[in-house]
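# Structure assessment
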Amino acid sequence: MTPATWTPDDEAERLYGRYKRALETERELKDPVREQAALDLKSGASVTQLAKLTGMTPEVFRRIARAEGVERKREPTVGREVEAKRAKGPEESS
């Protein structure tokens, strides 16, 4: 069978259709969810709380918080800033 003659069976067509609708819904909700997350982060919600509510990763909400200038609830434990502090040494980072 060539690509020009292939057609999906009914089950595959339903599955692909469901997936396409889910993607369309995600695209439709992406901006409103990000806007709401920005408001909620400014109001005191944690990135972990929002991640649990949405199924997205906490990093998505960390990035939104940084972009919105939301103060951190705790110091970072990994990443560039932590590595820079380690490189300075204990007496210089205080």
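Here, the structure is the one placed above.
A brief structural summary. None of these values were measured; they are calculated from a predicted model.

### Some thoughts on the layout of surface pockets
Counted as a void, the second largest pocket has a volume near 180 Å³. What lines the second largest pocket is Glu 26, Leu 29, Lys 30, Val 33, Arg 34, Met 56 and Val 60. Sorting elements by how many residues they give to the lining of the second largest pocket places helix 1 (residues 10-42) first, with five residues.

### What to know about a nonpolar patch on the surface
Taken together, Trp 6, Leu 15 and Tyr 16 make up a surface patch of nonpolar side chains, about 370 Å² in accessible area. Judged by relative accessible area, Trp 6 falls into the partly exposed class, the value being 47%.

### Brief notes about the environment of Ser 43
Inspection of the secondary structure assignment puts Ser 43 in the loop between helix 1 and helix 2 (47-54). Judged by relative accessible area, Ser 43 falls into the exposed class, the value being 67%. With 27 residues separating them in the primary sequence, Ser 43 and Val 70 have C-alpha atoms 9.4 Å apart.

### Description of the packing of helix 1 against helix 3 (residues 58-68)
Direction vectors running N to C along helix 1 and helix 3 enclose 70°, while the axes themselves pass 10 Å from each other. Looking at the two axes, helix 1 sits roughly perpendicular to helix 3. Where helix 1 abuts helix 3, its residues Arg 34, Ala 37, Ala 38, Leu 41 and Lys 42 lie against Val 60, Phe 61, Ile 64, Ala 65 and Glu 68. Grouping the constituent residues of the contact of helix 1 with helix 3 by class yields seven nonpolar, no polar and three charged.

### Topic: the nonpolar core
Grouped together as the largest cluster of nonpolar side chains are 10 residues: Ala 37, Ala 38, Leu 41, Ala 45, Val 47, Leu 50, Ala 51, Phe 61, Ile 64 and Ala 65. Put simply, the parts of the chain that give this core at least two residues each are helix 1, helix 2 and helix 3. Ignoring anything within four residues of it in the chain, the contact list for Ile 64 reads Arg 34, Ala 37, Ala 38 and Leu 41.

Rules used throughout
- Residues numbered from 1 in each chain as written.
- Predicted model: local features only at pLDDT ≥ 70, side-chain atom pairs only at ≥ 80, totals over all residues.
- Heavy atoms only, no water.
- 1 Å grid on protein atoms, 1.4 Å probe; cavity = no way out; pocket = protein on both sides within 12 Å on 5 of 7 lines; lining within 4 Å.
- Points joined across faces, edges and corners; volume = space filled by probe spheres on them.
- Helix = DSSP H or I, 4+ residues; strand = E, 2+ residues; numbered from the N terminus.
- Patch = residues over 30% accessible without salt bridge, like charges linked within 9 Å, V, L, I, M, F, W, Y side chains within 5 Å.
- Areas by Shrake-Rupley, 256 points an atom, 1.4 Å probe, with all protein chains shown as cover.
- Salt bridge = Lys/Arg side-chain N within 4 Å of Asp/Glu carboxyl O.
- Buried < 20%, exposed > 50% of the residue type's maximum accessible area, 1.4 Å probe, protein only.
- Axes fitted to C-alpha atoms, helices over the stretch in contact; angles between N-to-C directions.
- Parallel < 35°, antiparallel > 145°, perpendicular 65-115°, else oblique.
- Contact = heavy atoms within 4.5 Å.
- Nonpolar A, V, L, I, M, F, W, Y, C, P; charged D, E, K, R; others polar.
- Core = buried A, V, L, I, M, F, W, Y, C linked by side-chain atoms within 4.5 Å.

Keep in mind that these numbers describe shape and distance, not what the molecule does.
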